[in-house]
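Here is how the chains run, residue by residue.
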Amino acid sequence: MTESEKYLRNYSANQAADDVIHFVIPADCVGLRLDQALARLMPEYSRSRLQEWVTLNQVLLDGAPAISKQKVWGGEQLTVLPQVQQSEQPYLAEDIPLNIVYEDDELLVINKPVGLVVHPGSGNWQGTLLNALLHHSPQLALVPRAGIVHRLDKDTSGLLVVAKTLISQTNLVRQLQERSVKREYLALVHGELQHGGYVDQPIGRHPTNRVKMAVVESGKDAVTHYKVEREFPSCTLLRCTLETGRTHQIRVHMTYLKHPLVGDSVYLKGPQKCVLQLRELLTGFPRQALHATRLALEHPTTGEMMEWHVPLPEDMQQLLKQIRITVTGLADEE
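To keep things clear, this report deals only with the structure shown in the data block. (Residues numbered from 1 in each chain as written. Predicted model: local features only at pLDDT ≥ 70, side-chain atom pairs only at ≥ 80, totals over all residues. Heavy atoms only, no water.)

**Topic: the overall build of the chain**
Here comes step 1: Per the secondary structure count, the chain includes 8 helices and 15 strands.
Here comes step 2: Evaluated residue by residue, the chain yields a buried proportion of 48% over its 334 residues.
Here comes step 3: Taking contacts inside the chain between residues at least 6 apart in sequence as the whole, the part at least 24 apart equals 66%.
Here comes step 4: When the accessible surface of the chain is totalled, it reaches about 16,500 Å², and 49% of it is carbon and sulfur. (Helix = DSSP H or I, 4+ residues; strand = E, 2+ residues; numbered from the N terminus. Buried < 20%, exposed > 50% of the residue type's maximum accessible area, 1.4 Å probe, protein only. Contact = heavy atoms within 4.5 Å. Areas by Shrake-Rupley, 256 points an atom, 1.4 Å probe, with all protein chains shown as cover.)

**Describing the sheet that holds strand S2 (residues 59-61)**
Here comes step 1: Read across the sheet, 4 strands follow the order S1-S4-S2-S3 without closing on themselves; strand pairing throughout is antiparallel. Every interior strand has two partners, whereas the edge strands, strand S1 (21-24) and strand S3 (64-65), have only one.
Here comes step 2: As defined by bridge partners, S2 adjoins strand S4 (residues 77-80) across 3 bridges and the pair is classed as antiparallel. Bridging across to S4, leucine 61 finds its partner in leucine 78. (Pairing = 2+ DSSP bridges.)

**Overview of the packing of aromatic side chains**
Here comes step 1: For the structure shown, the criterion picks out 2 aromatic pairs.
Here comes step 2: Look at tyrosine 102 and tryptophan 308: their rings are 5.5 Å apart centre to centre, the planes differ by 45 degrees, and that puts the pair in the tilted class. One end of the pair, tyrosine 102, is in strand S5 (residues 100-103); the other, tryptophan 308, is in strand S15 (residues 305-309), and 206 residues separate them in sequence. (Phe/Tyr/Trp six-rings, centres within 6.5 Å; stacked < 30°, edge-to-face > 60°.)

**As for the pattern of salt bridges**
Here comes step 1: Considering all chains together, one arrives at 14 salt bridges under this definition.
Here comes step 2: The partner of glutamate 52 in a salt bridge is arginine 49, and the shortest N-O contact between them spans 2.7 Å. Taken as a pair, glutamate 52 and arginine 49 lie in helix H3 (residues 47-55) at a separation of 3 residues, close to a single helical turn.
Here comes step 3: Classification of glutamate 52 as partly exposed rests on a relative accessible area of 28%.
Here comes step 4: A salt bridge links arginine 179 to aspartate 221; the shortest N-O distance between them is 2.2 Å. (Salt bridge = Lys/Arg side-chain N within 4 Å of Asp/Glu carboxyl O.)

**Brief notes about the pairing of S15**
Here comes step 1: Taking every second residue as pointing to the same face, the buried face of S15 carries Met306 and Trp308, while none of Met305, Glu307 and His309 on the other face is buried.
Here comes step 2: Summarising the sheet, strand S14 (residues 290-298) and S15 pair through 5 bridges and their orientation is antiparallel. Residue pairing in the sheet places glutamate 298 in a bridge with methionine 305 of S15.

In structure tokens, the structure reads:
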């Protein structure tokens, strides 16, 4: 074990994330720039976060504010103050009920209901998941975005993971970037599909409608896998798995396949072909029929693989039940 690894192990075992952290620059960091030594000693944090602390004079070398490019020669006293600035989190805590699927000191997994906005923004500065998180766990005020690392659209329900510490947030962001987080969705789409497949098409902002995303050549790479869960006349229940996490990804990719989501007011273009007896059901559903049903990831501190499942929400269950009754005349599946 190198000297850096010894220091890292001692730090991980004995220091809280918001404590002042002290290091002595070890021999295996001799000749490195300060930012390189920091990245080696504190890999739990992103390089941009470490650089920010240097810029804000929250990193001291032998008692003086450090400079990223200065070299270290071993034996120097390094002090790091890893506080997040309160200005990064000016939002109010609000007592909003949360459907918590799992919680420990590092993670919080939520089953998000339909209608709950994840992050404050234009027109939705209060009443969001972020406001609820700050009430549930006040310490999240010291984590950027209250620990939110990925989002669900307002009218998409299902599983969403939140990091409760800065170290866990950095780890989860890396897992998302490495595409090792597994996310599965159930989506009811217009049209009849007999088999699954995948869409590998870049997604970016729509060239003329800034509210929408679209498949565009200049967009970011996006891959969605899908398989058929249940076939109905005029519609199909799909299980979609994401490799990437672009805004509106499933909604855009299904529209690209000419199988837009039932109830999607943004991406549906005009009436869809539909058997007469189902038209009112499918056109009357008030939101996109999309639910994040499965989430799997590696625990950021223990390394254990963890997985959660939640069933369809009541509105989608009732929609499928009514479709089944209309098509078969039977209230229950055989």
